[in-house]
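Structural features, examined
Each chain is listed here by its residues.
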Amino acid sequence: MKIAIRYFTKSKKGNTEKLATAISKELNTPALTVENALTEKVDRLFLVNAMYAANIDNEVKDFLIKNKEMIGEVVNLNTSATGRSTWGNIKKVTDAQGIKLSEKEFHCAASWIFINKGLPSEEDFKRACAFVRELA
Ligand SMILES: Cc1cc2nc3c(=O)[nH]c(=O)nc-3n(C[C@H](O)[C@H](O)[C@H](O)COP(=O)(O)O)c2cc1C
């Protein structure tokens, strides 16, 4: 199965980048930012992202739109401070673009300003690795 990992990280904490790096090691697959277009068709794209202002950022939306022909299925991995998942936000874009989105997703709470200090935890990274292992 061909897989790829893309991520978009915004805050200085780099929570999404950390999550993407953890699954990259687990899957032995490079984790690149969404600035990097897919160069070949993939069966599964692990899209690692976070919630900003109750939504996903345009960089993530644009990546999906530009790369839709190359994606068999998107698997969403994400963090937020409130515990609310970005799955529904991703779904709006994938539905509009005719891209399949897996019902399975990984979500965990993450640090933001002064809340959720230390999250994602080592345990969260382990759970994320176990999640992708099953799907890769
Ligand atoms: C500008 C900004 C806006 C955010 N807005 C929300 C929000 O609306 N809801 C929420 O649950 N978390 C929000 N967060 C928290 C992030 O989802 C969380 O910190 C995430 O782990 C950030 O990932 P990053 O470090 O890779 O950018 C926000 C964070 C930032 C930096």
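No experiment lies behind these values; they were computed from the predicted model shown. Here, residues in each chain are numbered from 1, in the same order as that chain's written sequence. Given that the model is predicted, a residue must reach a pLDDT of at least 70 before its local features are reported, and side-chain atom pairs must reach 80 or more before they are shown or counted; all residues, however, enter totals for whole chains, interfaces and linings.

1. Thoughts on the pairing of strand β4 (residues 71-80)
Which entries qualify depends on this criterion: For the exposure call, what matters is how many other C-beta atoms sit within 10 Å of a residue's own: 20 or more marks it buried, 12 or fewer exposed, and in between partly exposed, using C-beta atoms placed from the backbone. Under the DSSP-based scheme used, a helix requires at least four consecutive residues in state H or I and a strand at least two consecutive residues in state E, with every element numbered from the N terminus. Paired strands, as defined in this entry, are two strands with at least two bridges between them according to DSSP. When the strands point away from the viewer, a crossover counts as right-handed if the path from the first strand over the helix to the second runs clockwise.
Buried residues dominate β4, accounting for 8 of its 10 residues. Examined bridge by bridge, strand β3 (residues 42-50) and β4 share 8 bridges and lie parallel to one another. Within β4, the residue paired with Asn49 across the bridge is Asn78. Relative to strand β5 (residues 101-109), β4 runs parallel, the two sharing 6 bridges. Among the inter-strand pairings, Asn78 is bridged to a residue of β5, identified as His107. In the classification by handedness, the crossover that spans β4, the intervening helix α3 (residues 87-97) and the parallel β5 is right-handed.

2. Concerning the site of the ligand
Which entries qualify depends on this criterion: Each residue receives a C-beta atom built from its backbone; the residue is near a molecule or strand if that atom lies within 6 Å of it.
For the ligand, the set of nearby residues contains 21 residues, the closest of which are Asn15, Thr16, Ser80, Thr82 and Ala110. Secondary-structure elements contributing two or more residues to the shell around the ligand are α1 (15-27) and β4. In terms of residue count, the dominant contributor to the shell around the ligand is α1 (3 residues).

3. Things to note about helix α2 (residues 58-67)
So the rule is basically this: By definition, the arc is the one covered by directions from the helix axis to the C-beta atoms. Placing C-beta atoms from the backbone, we regard two residues as in contact once those atoms come within 7 Å.
Of all the residues in α2, the buried ones are Val60, Phe63, Leu64 and Asn67. Taken down its axis, α2 places every buried residue within 95° of arc, on the same side. Its buried side turned inward, α2 meets β1 (3-7), β3, β4 and α3.

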